[in-house]
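# Coordinate analysis (summary)
Spelled out, the chains give:
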Amino acid sequence: MKLGIVGLPNVGKSTLFNAITQAGAESANYPFCTIEPNVGVVAVPDERLDKLRDMYNPRKYTPATVEFVDIAGLVKGASKGEGLGNKFLAHIREVDAILHVVRCFEDPNIVHVDGKIGPARDIETINMELIFADMEMVEKRIDKTKKAMKGGDKKYQAELTMLERIYDALENGKSARALDYSKEEKEILKEISLLTLKPVIYAANVSEDDFVNGIESNEFVKELSSIAAEEGAEVLPICARIEEEIAELDEDEKGMFLEELGISESGLNRLIKKSYHLLGLISYLTAGEPEVRAWTIKQGTKAPQAAGKIHTDFERGFIRAEVVSFDDLMACGTYAAAREKGLVRLEGKEYVMNDGDIVLFRFNV
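Residues numbered from 1 in each chain as written. Predicted model: local features only at pLDDT ≥ 70, side-chain atom pairs only at ≥ 80, totals over all residues. Heavy atoms only, no water.

## Description of the overall build of the protein chain
This is how it is decided: The helix count covers DSSP runs of H or I at least four residues long, the strand count covers runs of E at least two residues long, and both are numbered beginning at the N terminus. Think of it in three bands: with a 1.4 Å probe and only protein chains considered, a residue is buried below 20% of the maximum accessible area for its type, exposed above 50%, and partly exposed in between. Method for areas: the Shrake-Rupley scheme with a 1.4 Å probe, in which residue coverage is limited to the protein chains shown.
Counting secondary structure elements, the protein chain contains 15 helices and 13 strands. Burial analysis of the protein chain (365 residues in total) assigns 49% to the buried set. Accessible surface, the protein chain: about 18400 Å² in total, of which carbon and sulfur atoms supply 49%.

Given below as structure tokens:
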């Protein structure tokens, strides 16, 4: 999973990214790696995987990971190449979802690029750049589709109708994700990679006081939540400064610090969970002495395609899957005990994977 972090200057974007990547650097489970200066990879926290590690004592432990991309260079006119506009747009096309950091705190020592705090205005500034870029892309696609229609192929008519509908929405300042699409249209859209089609989580960056004492009275968060509701986007209240402090602590200290604040988990953990939910992702697990590992798949994935995540040969030569639920395995204590109780199931090609399935795939190529 790849998340792109966007936001105007001085909203807390870099502070949050630095906190996230520092958390990754200090993760005992997964070594932080820097692919580029603005890319960080962190482990997906999963207590189930930790318990399987305790059970199997494997030689290798591999959690699922999330890649965070700090997308810089966004200013007014980015869609026309202003600032690092073209590079910014190229980076954002590659991500699965957008984490849009919006400033929801007052601080006279931190200047706002527009002079005062305004979530609606800030969101519109970034959204309009994405919309302009999408309009250009859709316009080109419309021309291409019209040329293809001259050959008499009627299948392009449905595509043209959809593209014109999207263009009208963009022209009226709406994101492509605000529209509804048929199954066939969604297949066409996979080829186009529209920026405003990507799912969005708005990170409402609040002050430490608001985060600890409650955000109910924060008018900026209310304004942001209203906008997100109209778009069907998610909102995550977060305090980048607190995340920065959490990232500098070791595991024992983190627990104590969170307890003092009266919160159960860090903003990073909440963000990852929300991202999984937003993108419709789940994890299945493989466990044994060689390795304990989590594999990320889409909800609704069938067993052969899930096996293909490990290796294409697993999907091509799929015979069956031996499956036990995580809860059943923990209740029984060992895989052998779960098998004796009939809790290890043999599933075929039509089996739809569940979150937390522990699987052994049988295949023959």
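## Some remarks on the packing of aromatic side chains
Definition in use: Note on aromatic pairs: the rings of Phe, Tyr and Trp (six-membered ring only in Trp) are paired at centre separations within 6.5 Å, and the planes decide the class, stacked below 30 degrees, edge-to-face beyond 60, tilted for the rest. Both a distance and an angle decide whether a charge sits over a ring: NZ of Lys or CZ of Arg must be within 6 Å of the ring centre and within 35 degrees of the ring normal.
What the rule picks out here adds up to 4 aromatic pairs. Where Tyr 284 meets Trp 295, the ring centres are 6.4 Å apart and the plane angle is 15 degrees; that geometry is what we call stacked. In this pair, Tyr 284 is assigned in strand E9 (residues 281-287) and Trp 295 in strand E10 (residues 291-298), connecting sequence segments 11 residues apart. With respect to burial, Tyr 284 and Trp 295 carry one shared label: buried. An aromatic cluster of at least three residues, connected via ring pairs, comprises Tyr 284, Trp 295, Phe 318 and Phe 361. Over the ring of Trp 295 we find Arg 293, and its NZ or CZ is 4.0 Å from the ring centre.

## Comments concerning helix H5 (residues 155-171)
Short version of the rule: Expected helix span is given by 1.5 Å per residue-to-residue step, counting one fewer step than there are residues. Note on definitions: a residue-residue contact is assigned when non-hydrogen atoms from the two residues lie within 4.5 Å.
Given a rise of 1.5 Å per residue, 17 residues ought to cover 24 Å, and the 25 Å separating the end C-alpha atoms of H5 matches this to within 8%. Of the positions making up H5, those classed as buried are Glu 159, Leu 160, Met 162, Leu 163, Ile 166, Tyr 167, Ala 169 and Leu 170. Residues of H5 that are buried make contact with helix H4 (119-149) and helix H6 (183-189). Immediately beyond the C-terminal end of H5, within one or two residues, lies Gly 173, with a positive phi of roughly 80 degrees.

## Description of the environment of Ile 126
Take Ile 126: it is sitting in helix H4. Through-space distance from the C-alpha of Ile 126 to that of His 100 is 9.0 Å; in sequence the pair is 26 residues apart.

## Observations concerning the nonpolar core
The tendency in soluble globular proteins is for nonpolar side chains to be buried side by side. Just so we agree on the cut-off: Note on terminology: a nonpolar core comprises buried Ala, Val, Leu, Ile, Met, Phe, Trp, Tyr and Cys residues joined through side-chain atoms within 4.5 Å.
With 76 residues, the main nonpolar core has Ile 20, Leu 52, Phe 68, Ile 92, Cys 104, Tyr 202 and Leu 224 as its most contacted residues. If we ignore the near neighbours within four places in the chain, the residues touching Leu 52 are Asn 57, Leu 285, Ala 287, Val 292, Phe 326, Leu 329, Met 330 and Ile 358. Leu 160, Ala 169, Tyr 181 and Leu 189 belong to the second-largest nonpolar core, a separate cluster that totals 18 residues.

## Here's the deal with the packing of H4 against helix H8 (residues 219-231)
Put simply, the rule is: Note on geometry: axes are C-alpha line fits, over the in-contact stretch for helices, and angles between N-to-C directions span 0 to 180 degrees. Angular relationships are summarised with four words: roughly parallel below 35 degrees, roughly antiparallel beyond 145, roughly perpendicular across 65 to 115, and oblique for the angles in between. Only Asp, Glu, Lys and Arg are considered charged, only Ala, Val, Leu, Ile, Met, Phe, Trp, Tyr, Cys and Pro nonpolar, and every remaining residue, Gly among them, polar.
One way to put it is that H4 packs onto H8 with a least axis distance of 9 Å and a crossing angle of 40 degrees. The angle between the axes of H4 and H8 places the two elements in the oblique class. Between H4, through Pro 119, Ala 120, Ile 123 and Asn 127, and H8, the contact on the second element is made entirely by Phe 220, Glu 223, Leu 224, Ile 227 and Glu 231. In the contact of H4 with H8, the residues fall into 6 nonpolar, 1 polar and 2 charged.

## Remarks on unusual backbone geometry
Despite not being glycine, Asn 57 has its phi angle at roughly 45 degrees, a positive value. Mapped onto the elements of the fold, Asn 57 is located in the loop between helix H2 (47-56) and strand E4 (60-62).

## A few points about the pattern of salt bridges
Short version of the rule: By definition, a salt bridge exists where a carboxyl oxygen of Asp or Glu is found within 4 Å of a side-chain nitrogen of Lys or Arg.
Within the structure shown, the criterion is met by 23 salt bridges. Between Lys 274 and Glu 234 there is a salt bridge, with its nearest N and O atoms 3.2 Å apart. Taken together, the positions of Lys 274 in helix H11 (residues 267-279) and Glu 234 in strand E8 (residues 234-238) put the pair 40 residues apart, joining distant regions of the chain. What makes Lys 274 partly exposed here is its relative accessible area of 23%. Taking the relative accessible area as the measure of exposure, Glu 234 reaches 19% and is therefore buried. Connected via shared salt-bridge partners are Lys 2, Glu 67 and Glu 94.

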